[in-house]
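# Observations on the model geometry
Each chain, letter by letter, is given below.
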Amino acid sequence: DGVRGGPITSVETLLVIDDQCLQTTAGFEIARLAGKEAIENTVIAIFCLVNNARLFCRRKQVGQHSVWANFMPLFHTAGCATGVLGCLQASCKMLLIKHFDANVFARLIEEQKVTTCFAVPTMLFNLLEVLEQNPRDMSSLEVITTGGAPVPPDLVRRVRDRLDCHLLSAFGQTEHSPMISLNPVESTIEQIVETAGQPLPYTEVSIQLPESNEVLP
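The rules behind each value
- Residues numbered from 1 in each chain as written.
- Predicted model: local features only at pLDDT ≥ 70, side-chain atom pairs only at ≥ 80, totals over all residues.
- Heavy atoms only, no water.
- Salt bridge = Lys/Arg side-chain N within 4 Å of Asp/Glu carboxyl O.
- Helix = DSSP H or I, 4+ residues; strand = E, 2+ residues; numbered from the N terminus.
- Buried < 20%, exposed > 50% of the residue type's maximum accessible area, 1.4 Å probe, protein only.
- Axes fitted to C-alpha atoms, helices over the stretch in contact; angles between N-to-C directions.
- Parallel < 35°, antiparallel > 145°, perpendicular 65-115°, else oblique.
- Contact = heavy atoms within 4.5 Å.
- Core = buried A, V, L, I, M, F, W, Y, C linked by side-chain atoms within 4.5 Å.
- Pairing = 2+ DSSP bridges.

### Some words on the pattern of salt bridges
Counted according to the given criterion, the structure contains four salt bridges. A salt bridge links glutamate 132 to arginine 158; the shortest N-O distance between them is 3.3 Å. Of the two residues, glutamate 132 is situated in helix 5 (residues 121–133) and arginine 158 in helix 6 (residues 153–163); the sequence distance between them amounts to 26 residues. Take glutamate 132: its relative accessible area is 58%, and that puts it in the exposed class. Among the residues examined, arginine 158 registers a relative accessible area of 24% and is labelled partly exposed. What emerges from the salt-bridge pattern is a single network uniting Glu132, Asp154 and Arg158.

In structure tokens:
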């Protein structure tokens with residue numbers, strides 16, 4: 001229906017049209033359920049999606065040795081673009097997990113030697129709580145990226161102490177394919193907590209006044 005110009009009714013719609021990707025955002029479904037109007041979908045160039053995934057993986061040092069646990073929804077760019085295309089760019093193994101469960105995830109990290117994932121702070125708190133009750137071997141973890149909510153300093157310290165891996169904060173939006181910025185692995189706790197990271201290569205960022213769009217120094 002999307003190709004023919006008809007209405008798109010499912011949040012899980014993902015259509016490829018020539019060299020562009022038509023993707024329905026999670027925000028649309030949330031707004032729809034709340035009875036509000038919202039932009040139904042975003043058209044993104046395939047080149048932008050693939051290149052953004054490559055730059056994101058390079059910043060978080062994902063390579064052929066990596067095992068990426070992907071439990072983000074595939075209708076969202078964090079799951080299908082950053083996750084799926086990121087694994088393709090890095091030529092690494094991907095574990096596609098339908099639903100996040102902290103107990104199951106902890107077991108998979110131990111059994112499948114997971115090295116990386118993208119998880120919102122709530123998921124990481126759940127994982128840490130599960131490990132307190134049922135300790136498992138987390139030594140394979142190398143780097144976790146997080147975002148979508150403020151990152152408490154306590155979470156960064158607990159991840160580094162208990163999981164012994166890097167925790168990097170990221171910022172993005174669907175229209176940008178999607179990642180805009182990400183902390184490098186050498187970032188300090190203060191940089192991770194107080195910033196959304198450095199812009200990815202070939203990405204221009206400015207701070208503007210909302211009233212006039214004037215670019216601030």
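Let's pick the thread back up.
### Describing the packing of helix 2 (residues 46–59) against helix 3 (residues 77–90)
Where helix 2 meets helix 3, the axes come as close as 8 Å, and the angle between the chain directions of the two elements is 70 degrees. With respect to each other, helix 2 and helix 3 are oriented roughly perpendicular. In this structure, helix 2 contributes Leu49, Val50, Ala53, Arg54, Phe56 and Cys57 to the contact, and helix 3 contributes Thr77, Ala81, Thr82, Leu85, Gly86 and Gln89.

### Some points on the nonpolar core
Side chains of nonpolar character tend, in soluble globular proteins, to be buried together. Membership of the largest hydrophobic core comes to 50 residues, with the highest contact counts inside it found for Phe71, Phe105, Leu141, Ile144, Leu163 and Leu167. In terms of residue count, the dominant contributor to this core is helix 5 (six residues). Once you skip the residues sitting within four places of it in the chain, leucine 163 turns out to touch Leu127, Leu128, Leu131, Met138, Leu141, Ile144 and Arg158.

### Side note on the sheet that holds strand 10 (residues 198–199)
Pairing is mixed in the open sheet, where seven strands are placed in the order 5-4-6-7-8-9-10. Of all strands in the sheet, those bounded by a partner on one side alone are strand 5 (93–96) and strand 10. Pairing analysis gives three bridges linking strand 8 (residues 166–172) to strand 9 (residues 179–182), with the strands arranged antiparallel. Bridge assignment links phenylalanine 171 to a residue of strand 9, and that residue is serine 181.

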